[in-house]
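# Results of the structural survey
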Amino acid sequence: MSYINYYTNEIQLRILYILLSLLLTFSITYYYIEDCLYFFSYPILKTNLLIILNLEIDLTLHRLIYTSITEAFIINIKFALIFSLLINVFVLVYHFLLFLLPSFYKFERKSFINFILMILFCTLFGYLLNYFILIPNIWFFLLSFETETINTLLNIKMEAKMDEYFDFVFTSFFFITIMFQLPSFIIILKFKNIINSQVLIKYRKYLIILSLFLGAILSPPDIFSQILFAIPIFFLYEFSIFIIIFVRYYF
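Calculation rules
- Residues numbered from 1 in each chain as written.
- Predicted model: local features only at pLDDT ≥ 70, side-chain atom pairs only at ≥ 80, totals over all residues.
- Heavy atoms only, no water.
- Helix = DSSP H or I, 4+ residues; strand = E, 2+ residues; numbered from the N terminus.
- Contact = heavy atoms within 4.5 Å.
- Phe/Tyr/Trp six-rings, centres within 6.5 Å; stacked < 30°, edge-to-face > 60°.
- Buried < 20%, exposed > 50% of the residue type's maximum accessible area, 1.4 Å probe, protein only.
- Salt bridge = Lys/Arg side-chain N within 4 Å of Asp/Glu carboxyl O.
- Expected span 1.5 Å × (residues − 1).
- Patch = residues over 30% accessible without salt bridge, like charges linked within 9 Å, V, L, I, M, F, W, Y side chains within 5 Å.
- Areas by Shrake-Rupley, 256 points an atom, 1.4 Å probe, with all protein chains shown as cover.
- Polar contact = N/O pair within 3.5 Å; in protein donor to acceptor, adjacent residues only side chain to side chain.
- pLDDT = per-residue confidence, 0-100.
- Axes fitted to C-alpha atoms, helices over the stretch in contact; angles between N-to-C directions.
- Parallel < 35°, antiparallel > 145°, perpendicular 65-115°, else oblique.
- Left-handed = near helix turned anticlockwise from the far one by under 90°.
- Nonpolar A, V, L, I, M, F, W, Y, C, P; charged D, E, K, R; others polar.

### Considering the overall build of the protein
The helix and strand tally for the protein stands at ten helices and zero strands. Each helix and strand of the protein, ordered N terminal to C terminal, gives the series α-α-α-α-α-α-α-α-α-α. Considering only intrachain contacts with a sequence separation of at least 6, the fraction spanning at least 24 residues in the protein is 77%.

Laid out in structure tokens, this is it:
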């Protein structure tokens, strides 16, 4: 019974640490909310910078708008909360690792730590890919439908609402976080002897269709965004096959 109390107390303590970390991250994010909004408005800022550098005086700079009295305030709260959750994914994994490590044998710890590091690496790589490649390219593609010149009688200009833009940004980060755990999930199935590299190679053609389907669900309703989201899924699948073959031959 004492062991149960010990582990129960440790779980409660680690949950408290995670909640405190979440509260601290939320407070810091909300205090620097303007800087954080600028940081996640990278595609808009980049577009405006290109307009300024190219001296396109006939084009107006892009901006975010809000049409409800409380919309900006709610977006600030939502932004700080979701950003805190994204950051605390790493804190959660850290405490999960510290809690489980004592229960492993010495030879198991190395494999488990490598597995956790792979999860963190995939998550971080997904964040960077989404921030620097997926979101900017989707934004530039959607801006291509604008028609704003002094010679055009009808100008079409996109003025995105704050809630719509940041909902899209964080929805993409959420699905990217899940999507980039595909190698970890496949490796677990491999060690449970449910699948192997031959099975993955055999069903590769179906993965292409599935990746396009998932890309259509996770992305805005256009073919360009769908393909941009589908390509990482396919490469993650290929990366999983490589990892399984590597583990089989070298471990």
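### Considerations on the packing of aromatic side chains
Taken as a whole, this structure holds 22 aromatic pairs when the rule is applied. The interplanar angle of 10° and the centroid separation of 6.1 Å between the aromatic rings of Phe 79 and Phe 83 together place this pair among those described as stacked. Of the two residues, Phe 79 and Phe 83 are both situated in helix 4 (residues 71–100); the distance of four residues between them amounts to about one turn of the helix. Look at Phe 79 and you get buried, because its relative accessible area is 1%. Considering the side-chain rings of Trp 139 and Tyr 165, the 5.6 Å spacing of their centres and the 80° angle between planes classify their relative orientation as edge-to-face.

### Focus on the environment of Ile 244
With respect to the helices and strands, the residue Ile 244 is situated in helix 10 (residues 223–250). Placed 47 residues apart in sequence, Ile 244 and Ser 197 show a C-alpha to C-alpha distance of 6.3 Å. In this view, Ile 244 contacts Ile 186, Lys 190, Ser 197 and Leu 200; residues no more than four positions away in its chain are not counted.

### Here we look at the pattern of salt bridges
In this structure the tally under the stated criterion is four salt bridges. Note that Glu 71 and Lys 161 form a salt bridge whose closest N and O atoms lie 3.9 Å from each other. One end of the pair, Glu 71, is in helix 4; the other, Lys 161, is in the loop between helix 5 (106–143) and helix 6 (162–179), with 90 residues separating them in the sequence. On the basis of relative accessible area, Lys 161 is assigned to the partly exposed category, the value being 22%. Across the pair Lys 78 and Asp 167 runs a salt bridge, and its minimum N-O distance is 3.4 Å. Of this pair, Lys 78 sits in helix 4 while Asp 167 sits in helix 6, placing them 89 residues apart in sequence. Judged by relative accessible area, which is 32%, Asp 167 ranks as partly exposed.

### Quick notes on helix 6
With 18 residues, helix 6 extends 25 Å from end C-alpha to end C-alpha; this agrees with the ideal 26 Å at 1.5 Å per step. Taken together, the buried positions of helix 6 are Met 162, Tyr 165, Phe 166, Val 169, Phe 170, Ser 172, Phe 173, Ile 176, Thr 177 and Met 179.

### Some points on a nonpolar patch on the surface
On the surface, Ile 208, Leu 212, Ile 223, Phe 224, Ile 227, Ile 231 and Phe 235 cluster together into a nonpolar patch covering about 620 Å² of accessible area. Counting residues per element, the ones that place at least two in the nonpolar patch are helix 9 (204–218) and helix 10. Per element, the largest residue contribution to the nonpolar patch is five residues, and it comes from helix 10. Along the chain, Ile 231 falls in helix 10. Classification of Ile 231 by relative accessible area gives partly exposed; the value is 41%.

### Quick notes on the environment of Asp 167
For the pair Asp 167 and Lys 78, spaced 89 residues apart in sequence, the C-alpha to C-alpha distance is 9.4 Å. A polar contact of 3.4 Å, which involves the side chain of Asp 167, links it to the side chain of Lys 78.

### Things to note about the confidence of the model for the protein
With 86% of its residues at a pLDDT of 70 or more, the protein has an overall mean of 80. Per-element confidence in the protein is highest for helix 1 (residues 2–31), whose mean pLDDT is 87, and lowest for helix 3 (residues 42–53), whose mean pLDDT is 70.

### Some details on the packing of helix 5 against helix 6
Where helix 5 contacts helix 6, the axes come no closer than 9 Å and their chain directions differ by 140°. With respect to helix 6, the axis of helix 5 lies oblique. Regarding helix 5 and helix 6, the two cross each other, and that crossing is right-handed. Contacts between helix 5 and helix 6 involve Thr 123, Gly 126, Tyr 127, Asn 130, Tyr 131, Leu 134, Ile 135, Ile 138 and Trp 139 on the former and, on the latter, Tyr 165, Phe 168, Val 169, Ser 172, Phe 173, Ile 176 and Thr 177. Within the contact of helix 5 with helix 6, the residues separate by chemical class into eleven nonpolar, five polar and no charged.

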